[in-house]
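Fold and geometry: a report
So the chains spell out like this:
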Amino acid sequence: MTDDILDEVRQDREDEQNEADTGTVPAPFGDYEGHRVGHITAQDEPIVVDREDSYIRAFIDSSFRDDVRLGNYLRIPYPVSEEQDVDFPTSMLVGVINRLEYATVANITDKQDGGYRHEPGEQSFSYVAQIEPISTVTFNPEDDASFEQVTVDKPPKPGCDVYLVEDEEFLRTALRIPQEGAFLGHMAVSGDRIPSEESPLPYYLFNPNATDDNENLGEPAIFRHLQVAGSTGSGKTHASKNILRQLATDKRYTIEVPPEEREEDNVDVQDERVRGLNTTIIDPEGEYVEMGNDPTDGGYTTDFRNDLDAQNIRHGGIQQDPDVGFEVFVPQIEDTNITHNNARSFGIPFEIVRTNRQLLYSSEPPERTRSAINQTISRYFRECNDPQSGYGNPQPTYQEFSQYAEMLLDDADNSPITQNESVLIAARERIVDQYEYRRIFDHGTDSLTDLTQQMFAPGQVTVIPTDHLRGSTDRIVVSCLLAHIVQNKIGSNVNYPHIKGTPMLLALDEAHEYISEASDPRERYLVSNFQQAAKRGRKDKFGLYVITQTPQDINGEIRKQMNTRIYLGLERDVVESHDVYVPKEFKESVTQFNKGQMVVKQPDVRPVELVGLPVCLTRHDS
Ligand SMILES: Nc1ncnc2c1ncn2[C@@H]1O[C@H](COP(=O)(O)OP(=O)(O)OP(=O)(O)O)[C@@H](O)[C@H]1O
Ligand SMILES: [Mg+2]
């Protein structure tokens, strides 16, 4: 072989090597050009990174002034250092513009005749962006594992170039946005999708699970609870249908087998198993029942559907989805009409009162009345359990209880409860022969308890509309339902361990109606149940999904447990309420949001602006 040939071979190898090198360097590292908008200035103010308040300013070139806006993400490469054996920066600071200003340049005055018709004009001022640092993203050419995100620990150098962030993967790393999960919307700045309208960055809710074999990454955000808030008509229901649609999948989660079940079977039952999610939606306006059907929106075109498929966004009526079940269960209450198609009805069994006596406290009973009511309830259920008793009825009913209570509370001389006539009267007035209780309890052939397995089945979306109910009837029925779910989810020694043993997301629209800072004792009972449930959600695989227009009215303890918050357009007084935490950088803009615009904060990810899909992914008539 001649030297020439050897040289050629050597050259070929080198070329190959170089090609491989540049091929593995992802944008915006390597020789990626990018959209430069200006440079870091230190002229009038120092460049500061500080544990609390950082101060980084960029001078924006005159020709790029129109390209930057508040909320834009910028990247600032740290220059190549002497030790680096590559000739491109491997580390970049990423920040967000939180202030834009025209700064006066020395020797300019606008105090002159004719004002701006003559010099100076806009170009006589410098345009300066103040940048809030978010993180540093590094790229290690030796390591395949693309980008790494670390906290900012040094300022950018004066004069460094400043670029718009245009690369999705890079931005995702900088903001620590999950790579996958449930799609919530696209990243946006002032309502416009970024990096570009054509290929915006999708934003996901963290949702590791056994099906994707990534449960070791951490807790799904849904089990740390979620709150959607927005003023009337801001799109809460539209957005929630789209989010819940994404969670309606065949994904399974590891959950502990309830001890109650283990005792029953007794034969090598495992400690853990995997199960699909049951999503139960309390639907006060009868809107979520439509989630079984395809959208009727004109925007749900073939092109749009293809676009959704390309992004792995689930869409269409859940009824037709082979991966998940969809069932509607309507509470059957006397004198009401059930108008939903394909719905099963269920009665509220009086038996629920056995473990939830508070459900029979109407207005706040005085202490002695409460005690009389409690004793009456306990005695009745004890009799029910006793086959020898005249009331030895394994199927307790309100009607029978009412007769029993009337007898027990009838006569001050003979009552085993109390000799105090006025207490007896007060207790009778509250529990005997109440029209509302007669309407609510024990109707229909199947009861909530009979149907528990079917209603809260794994891998199913269950919608419970209550639009046929009004006022206190609605609240009592929903209280009974929620008490049944929550008690069996978090209680010990429960009667329906099926609920405990199934991962569950409980969605509550118009939640302020049910779990506010309660004055009425029934609601207070529910609130205390929810407080416990919220605290224990992670262990029990129980997530709350709360939708409200007045987040300040939700009980504070429950509100505090909502680790993911989604804010659609809000009224100013809500934003300013001490009880509502809106990230400070969005306090102003959130009051001017258009439909679909939202701020999202999920655990371990900084708050960002998103735009949801303009089309509801299931039917949403309104
Ligand atoms: N992202 C969006 N793009 C376009 N239209 C939307 C969007 N979100 C909601 N809408 C429309 O706005 C209207 C109100 O939406 P939605 O019912 O979701 O509001 P809401 O906040 O739940 O209202 P309410 O307080 O009455 O419950 C509906 O007609 C809906 O189709
Ligand atoms: Mg709504």
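Structural notes, computed from the coordinates. (Residues numbered from 1 in each chain as written. Chains lettered and ligands numbered in written order. Predicted model: local features only at pLDDT ≥ 70, side-chain atom pairs only at ≥ 80, totals over all residues. Heavy atoms only, no water.)

On a plain count of helices and strands, the protein chain comes out with 16 helices and 22 strands. Across its three principal axes, the protein chain shows a C-alpha extent of roughly 110 × 80 × 45 Å. In the protein chain, the share of contacts with a sequence separation of at least 24, taken over all contacts with a separation of at least 6, comes to 71%. Total accessible area on the protein chain is roughly 29,500 Å²; 41% of this is exposed by carbon and sulfur atoms. Side chains of the protein chain carry 59 positive and 109 negative charges; the gap between the two charge centres is 7 Å. (Helix = DSSP H or I, 4+ residues; strand = E, 2+ residues; numbered from the N terminus. Contact = heavy atoms within 4.5 Å. Areas by Shrake-Rupley, 256 points an atom, 1.4 Å probe, with all protein chains shown as cover. Lys, Arg positive; Asp, Glu negative; His and termini not counted. Charge placed at Lys NZ, Arg CZ, Asp CG, Glu CD.)

Near ligand 1, the surroundings consist of 16 residues, among which Gly-233, Lys-236, Thr-237, His-238 and Lys-595 are the closest. Pro-614 is positioned such that a nitrogen or oxygen atom in its backbone is 3.5 Å from a nitrogen atom of ligand 1. Its free accessible area being 630 Å², ligand 1 has 75% of it covered by the protein chains. Of the residues in the shell around ligand 1, the class split is two nonpolar, 11 polar and three charged. (Near = heavy atom within 4 Å. Polar contact = N/O pair within 3.5 Å; in protein donor to acceptor, adjacent residues only side chain to side chain. Nonpolar A, V, L, I, M, F, W, Y, C, P; charged D, E, K, R; others polar.)

By secondary structure assignment, the location of Gln-375 is in helix H7 (residues 367-385). Along the sequence, Gln-375 and Asn-278 sit 97 residues apart, while their C-alpha atoms lie 37 Å from each other. Leave out the neighbours within four places in its chain, and Gln-375 touches Pro-416 and Ile-417.

Turning next to unusual backbone geometry. The peptide bond linking Ala-27 to Pro-28 adopts the cis configuration, its omega dihedral lying at 5 degrees. Residue position: Pro-28 is located in the loop between helix H1 (3-24) and strand E1 (35-40). Cis geometry is adopted by the peptide bond preceding Pro-195, which originates at Ile-194 and carries an omega value of -5 degrees. The phi dihedral of Asn-342 is positive, around 50 degrees, even though this residue is not glycine. With respect to the helices, strands and loops of the structure, Asn-342 is situated in the loop between strand E15 (325-331) and strand E16 (343-346). Residue Asn-342 is classed as exposed on the basis of its relative accessible area, which comes to 67%. Even without glycine at this site, Asp-442 takes up a positive phi of about 65 degrees. Looking at the element boundaries, Asp-442 is found in the loop between helix H10 (435-440) and helix H11 (452-455). Here Asp-442 falls in the partly exposed class, since its relative accessible area comes to 30%. (Buried < 20%, exposed > 50% of the residue type's maximum accessible area, 1.4 Å probe, protein only.)

Tallied over the full model, the rule gives 27 salt bridges. Residue Glu-101 pairs with Arg-57 through a salt bridge whose shortest N-O separation is 3.6 Å. Pair noted here: Glu-101 is in strand E4 (residues 91-103) and Arg-57 is in strand E2 (residues 56-60), with a separation of 44 residues, a long-range link. Side by side, Glu-101 and Arg-57 carry an identical accessibility label, which is buried. (Salt bridge = Lys/Arg side-chain N within 4 Å of Asp/Glu carboxyl O.)

Turning next to the state of the cysteines. Simply put, disulfide is the name for a covalent bond between the sulfur atoms of two cysteines. Tallying each qualifying case throughout the model produces zero disulfides. Of all cysteine sulfurs in the structure, the one in Cys-384 sits closest to Cys-480, which takes part in no disulfide; the separation is 17 Å. (Disulfide = S-S within 2.5 Å.)

This paragraph deals with the packing of aromatic side chains. Aromatic ring pairs are defined here through the distance separating the ring centres and the angle between the ring planes. This structure, assessed with the given rule, holds 20 aromatic pairs. Grouping aromatic residues by their ring pairs yields a cluster made of Phe-350, Tyr-380, Phe-381, Tyr-398, Phe-401, Tyr-404, Tyr-437 and Phe-441. Positioned over the ring face of Tyr-288 is Lys-241, at 5.9 Å from the centre of the ring. If you follow Arg-305 out to its NZ or CZ, it ends over the ring of Tyr-300, 5.0 Å from the centre. (Phe/Tyr/Trp six-rings, centres within 6.5 Å; stacked < 30°, edge-to-face > 60°. Lys NZ or Arg CZ within 6 Å of the ring centre and 35° of its normal.)

This part takes up H7. Counting along an α-helix, one turn takes 3.6 residues, and residues three or four places apart therefore face a common direction. With 19 residues, H7 extends 27 Å between its outermost C-alpha atoms, agreeing within 8% with the 27 Å of an ideal straight helix rising 1.5 Å per residue. Every buried residue belonging to H7 is among Thr-369, Ala-372, Ile-373, Asn-374, Thr-376, Ile-377, Tyr-380, Phe-381 and Cys-384, and all of these are buried. (Expected span 1.5 Å × (residues − 1).)

Structurally, His-315 is set in the loop between helix H5 (302-310) and E15. Owing to a relative accessible area of 18%, His-315 belongs among the buried residues under this scheme. Only 2.5 Å separates the side chain of His-315 from the side chain of Tyr-300, close enough to count as a polar contact.

What follows concerns a negative patch on the surface. Taken together, the side chains of Asp-85, Glu-142, Asp-143 and Glu-148 present a region of like negative charge at the surface. Mapped onto the fold, Asp-143 is located in the loop between strand E5 (126-139) and strand E6 (147-150). (Patch = residues over 30% accessible without salt bridge, like charges linked within 9 Å, V, L, I, M, F, W, Y side chains within 5 Å.)

With that out of the way, let us pick up the side chain of Asn-214. For Asn-214, the location among the structural elements is in the loop between strand E10 (202-205) and strand E11 (226-229). If we skip the residues at most four places from it in the chain, Asn-214 touches Glu-180, Pro-208 and Asn-209.

On to the pairing of E1. When a strand is regular, its side chains alternate between the sheet's two faces. Two strands pair when backbone bridges link them, and E1 and strand E7 (residues 161-164) are joined in this way by four bridges, in the antiparallel orientation. When the sheet's bridge partners are listed, Arg-36 is paired in E7 with Tyr-163. Sheet topology note: the E1/E2 ladder contains three bridges and is antiparallel. By the bridge assignment, Gly-38 is partnered in E2 with Ile-60. (Pairing = 2+ DSSP bridges.)

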